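The chain contents come next:
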Amino acid sequence: MLRTTRTAALSAILLIPLVISAPAARQPQAPTQPAASYTYRGTVHAVNAPTGSLDLVTGVGMSLRLVHLTAGPAVRSSAAAPTAGLRMTDLKPGDVVRVECRRTNAGLVVDRIEKLEAPAR
Amino acid sequence: MIHRRVAAALFLLALGCEKPVKPGDPLPGLTAEELARFNRGKEVFDSVFTPHTGLGPLFNSTSCGECHEDPVAGGTGDEVEVHATAFKGGMCDPLVQEGGPVIQLHTTPALKAKLGIDREPFPPSANGRASRTTPVVFARGLLDLVPDSAILAYADSEDKNHDGVHGRPNRFVDGRIGRFGRKALVPTLAEFNAGAFVAEQGITNPAQPTEENIGGKPIPPGVDSTPDPEISQELLDLTDDFVRFLAGPTPTKLDRDGRRGRDLFSKIGCTGCHIPTLRTGASPILALNRREFAAYTDLLLHDMGPDLADICLGLAGPADFRTEPLLGLRDIQHFLHDGRAATLDQAIELHGGEGVGARERFKALPAADRAAVVAFLKSL
């Protein structure tokens, strides 16, 4: 009996923090892991503003790669002029750009585009 | 007083007897730790990759040292590789979507079994094809540290001084000034080395962790089972340090003809592009810090005329080439970017475009003077 009482008391003490930190009601959980974000610098290879498609040449040394991206809401041609950065309609092949994007199930989605001035070192 | 004179004489003698740097030697003045990294990096440079250790599935060579081998690791070689691009409407397409710009000449047995190809297909959209010989990579660590501002100071894209030479910088796909490669596309040595591991050997690494596609198509399943990256950052860094710490060989001692040739080389205008010495900027590595070194390049693009034209890259049109650094010429058997010149005389006579003035002045020299210029170049 004594053992049962002790066990119950100990369990109650251990459970107190969980009880008092529990939410009053279940709320939809915000994602704990933000979507992975990436920054690419490269040359516009192809852009199709109506479909929101952007291909960028990037790479390391002579090992070049083509990165395919899709326009997010902020850079779509129908979007109001963004407060910072450019829309897809502002781009043409050959432009050197910096693109901020995030990986989604549908691929890389662009959130912000800016044209680059060539940096010196 | 006598002791001071003797000491001064010995000091001057020591300077005069400074050990000459041979091809393949490390930079003088490296610390013991840097020298150890140079030696360990050389082992990676010379190590042979197999499909089991990441080679391919497309590749040009099985090790860095397979091509850069003559007379020592870091030197030249007899391999010639293929690059392809499309130049349309004044814009360069490196044809990444079709496997460009480096078109590998070999495949692993697994890829051959799967697709029945023994080299990468040549891009159907290409309108430029280039052959590329193996350059020496001596003194590349010094070239890497020449400040952009120094390169830009030599640029004269509008030929304001009316010398017929109008060098201009190339820029990488992200806008930075380029300096490495025959078209000066690549901004830094580290990037050139990391890219070469993938483009030449199919060895992915932390800087470029993805394999190239095969003529624009993905690698078939089961062909490349080695997990990416196929070498570690440590091995990449060691290889980078080997190349970075390779010195430029000391020019051989010039006789009277050679000295005359050196003067003529300048007098006929070759040094308008082949700038004899450059100076590095600041570096934490003492052997690379603010060093003046023999370079014989301005690291700029020059129009070399239609006969030499091949591919485009970045802002370089088909006829544009970076001034080749004249280092290790004594051991080179074939000259120019594609090895078409069998002698130095031929190489000079094949200069077109912005090189026409110097070429014609060279051709107008008496035979003995032309031989003197060549003797000077063979000392490098």
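Worth saying up front: this structure is predicted, and the values here are computed from it rather than measured. (Residues numbered from 1 in each chain as written. Chains lettered and ligands numbered in written order. Predicted model: local features only at pLDDT ≥ 70, side-chain atom pairs only at ≥ 80, totals over all residues. Heavy atoms only, no water.)

J.: What's the story with the overall build of chain A in this structure? I'm lost.
T.: Within chain A, the secondary structure is distributed over one helix and five strands. Mapped from its N terminus to its C terminus, chain A presents α and β elements in the order α-β-β-β-β-β. Within chain A, residue pairs in contact and separated by at least 24 positions form 49% of the contacts whose partners lie at least 6 positions apart. As presented, chain A carries roughly 7,800 Å² of accessible surface, and 59% of it is formed by carbon and sulfur atoms. (Helix = DSSP H or I, 4+ residues; strand = E, 2+ residues; numbered from the N terminus. Contact = heavy atoms within 4.5 Å. Areas by Shrake-Rupley, 256 points an atom, 1.4 Å probe, with all protein chains shown as cover.)

J.: Looking at this model, I keep getting lost on helix α7 (residues 189–201) of chain B. Mind explaining?
T.: At 3.6 residues per turn, the α-helix brings residues three or four places apart onto the same side. Residue and element names in this part refer to chain B. Taking 1.5 Å per residue, 13 residues should reach 18 Å; α7 reaches 17 Å between its end C-alpha atoms and fits that length. The axis of α7 is deflected most strongly, by about 25°, at G195. In terms of residue burial, α7 counts as a mostly covered element, since ten of its 13 residues are buried. (Expected span 1.5 Å × (residues − 1). Bend = angle between axes of the 7 residues up to and from the residue. Buried < 20%, exposed > 50% of the residue type's maximum accessible area, 1.4 Å probe, protein only.)

J.: Explanation requested: the environment of H166(B) in the structure shown.
T.: Residues and elements named next belong to chain B. Structurally, the position occupied by H166 is in the loop between α6 (148–154) and α7. Looking at H166, the relative accessible area reads 25%, which means it is partly exposed. For the pair formed by H166 and H302, sequence separation is 136 residues and the distance between their alpha carbons is 6.6 Å. Once residues lying within four places of it in the same chain are set aside, the contact partners of H166 are D156, S157, E158, D159, L301, H302 and E354.

J.: I tried to follow helix α2 (residues 32–46) of chain B on my own but got confused; where do I start?
T.: All names here are of chain B. Between its terminal C-alpha atoms α2 stretches 21 Å, which fits the 21 Å expected from 15 residues at 1.5 Å a residue. Taken together, the buried positions of α2 are E34, F38, G41, V44 and F45. An end-on view of α2 places all buried positions within 120° of arc, on one side of the element. Residues of α2 that are exposed and angled more than 90 degrees away from the buried face: A32 and E43. Where the residues of α2 are buried, they touch α3 (64–67) and α8 (233–244). (Arc of directions from axis to C-beta.)

J.: When you look at the sheet that holds strand β3 (residues 63–71) of chain A in this model, what are you seeing that I'm missing?
T.: Backbone hydrogen bonds hold the strands of a sheet together, and the pairing may be parallel or antiparallel. All names here are of chain A. Taken in spatial order, the five strands close into a barrel running β1-β2-β3-β5-β4, and their pairing is mixed. With direction set aside, neighbouring strand axes in the sheet form an average angle of 50°. As defined by bridge partners, β3 adjoins strand β5 (residues 107–115) across three bridges and the pair is classed as parallel. Across the sheet, the residue bridging to L69 is L108, located in β5. (Pairing = 2+ DSSP bridges. Axes fitted to C-alpha atoms, helices over the stretch in contact; angles between N-to-C directions.)

J.: What should I look at first to understand the interface of chain B and chain A in this one?
T.: Each partner contributes to the interface: chain B provides 34 residues, whereas chain A provides 22 residues. Summed over both sides, the interface of chain B with chain A buries roughly 2,200 Å², with 65% coming from carbon and sulfur. Among the residues of chain B in contact with chain A, V96(B), V173(B) and D174(B) are the three that bury the most area, contributing 25% of the side total. Counting across the chain B and chain A interface gives zero salt bridges. Where chain B packs against chain A, one counts three residue pairs in polar contact (both at pLDDT 80 or more). Elements with a contribution of two residues or more to the side of chain B that touches chain A: β3 (91–93) and α7 of chain B. Per element, the largest residue contribution to the side of chain B that touches chain A is six residues, and it comes from α7(B). Grouping the amino acids of the side of chain B that touches chain A by side-chain chemistry returns 17 nonpolar, seven polar and ten charged. (Buried area = accessible area lost by both parts, 1.4 Å probe. Salt bridge = Lys/Arg side-chain N within 4 Å of Asp/Glu carboxyl O. Polar contact = N/O pair within 3.5 Å; in protein donor to acceptor, adjacent residues only side chain to side chain. Nonpolar A, V, L, I, M, F, W, Y, C, P; charged D, E, K, R; others polar.)

J.: Quick question: what am I supposed to make of the pattern of salt bridges here?
T.: Here the idea is simple: oppositely charged side chains can pair when their charged atoms come close. Residues and elements named next belong to chain A. Throughout the structure, instances matching the rule amount to 27 salt bridges over all chains. Here E100 and R112 are joined by a salt bridge, their closest N and O atoms 4.0 Å apart. Of this pair, E100 sits in strand β4 (residues 96–104) while R112 sits in strand β5, placing them twelve residues apart in sequence. One network of salt bridges, with partners in common, ties together R98, E100, R112 and E114.

J.: Before we go on, may I ask you to explain the state of the cysteines in this structure?
T.: Here is the idea: a disulfide is a covalent bond, and it sits between the sulfur atoms of two cysteines. Residue and element names in this part refer to chain B. Using the criterion set out here, one finds one disulfide over all chains in the structure. In this model C92 forms its disulfide with C312; the gap between the sulfur atoms is 2.2 Å. On the sign convention where negative means left-handed, the S-S torsion of about 80° between C92 and C312 marks this disulfide as right-handed. Of this pair, C92 sits in strand β3 while C312 sits in the loop between β9 (301–303) and β10 (320–322), and the two are 220 residues apart along the sequence. The same class applies to C92 and to C312, which are both buried. For C273, which is in no disulfide, the shortest distance to another cysteine sulfur is to C270 and amounts to 8.9 Å. Residue classification places C273 among the buried residues on the basis of a relative accessible area of 14%. (Disulfide = S-S within 2.5 Å.)

J.: Sorry if this is basic, but what is going on with the nonpolar core here?
T.: Generally speaking, soluble globular proteins have nonpolar side chains that are buried together. L27(B), F265(B), L278(B), L329(B), V373(B) and L377(B) are the most contacted members of the largest nonpolar core, which totals 76 residues. Those residues within four positions of L329(B) in sequence are excluded, and the remaining contacts are F335(B), L344(B), L377(B) and L380(B). Within the second largest apolar cluster, 17 residues are counted, among which are V67(A), A71(A), L108(A) and I113(A). (Core = buried A, V, L, I, M, F, W, Y, C linked by side-chain atoms within 4.5 Å.)

J.: Before we go on, may I ask you to explain the packing of aromatic side chains in this structure?
T.: All names here are of chain B. Enumeration according to the criterion identifies eight aromatic pairs over all chains in this entry. Ring centres of F38 and F242 lie 4.9 Å apart, and the angle between their planes is 45°; this geometry places the pair in the tilted category. With F38 in helix α2 and F242 in helix α8, the pair connects residues that are 204 residues apart, well separated along the chain. For F242, a relative accessible area of 0% puts it in the buried group. Judged by centre distance (4.9 Å) and plane angle (55°), the ring pair of F45 and F242 falls under tilted. Taken together, the residues F45 in helix α2 and F242 in helix α8 connect sequence positions 197 residues apart. Classification of F45 as buried rests on a relative accessible area of 3%. Ring pairing ties together the aromatic residues F38, F45 and F242, which thus form one cluster. (Phe/Tyr/Trp six-rings, centres within 6.5 Å; stacked < 30°, edge-to-face > 60°.)

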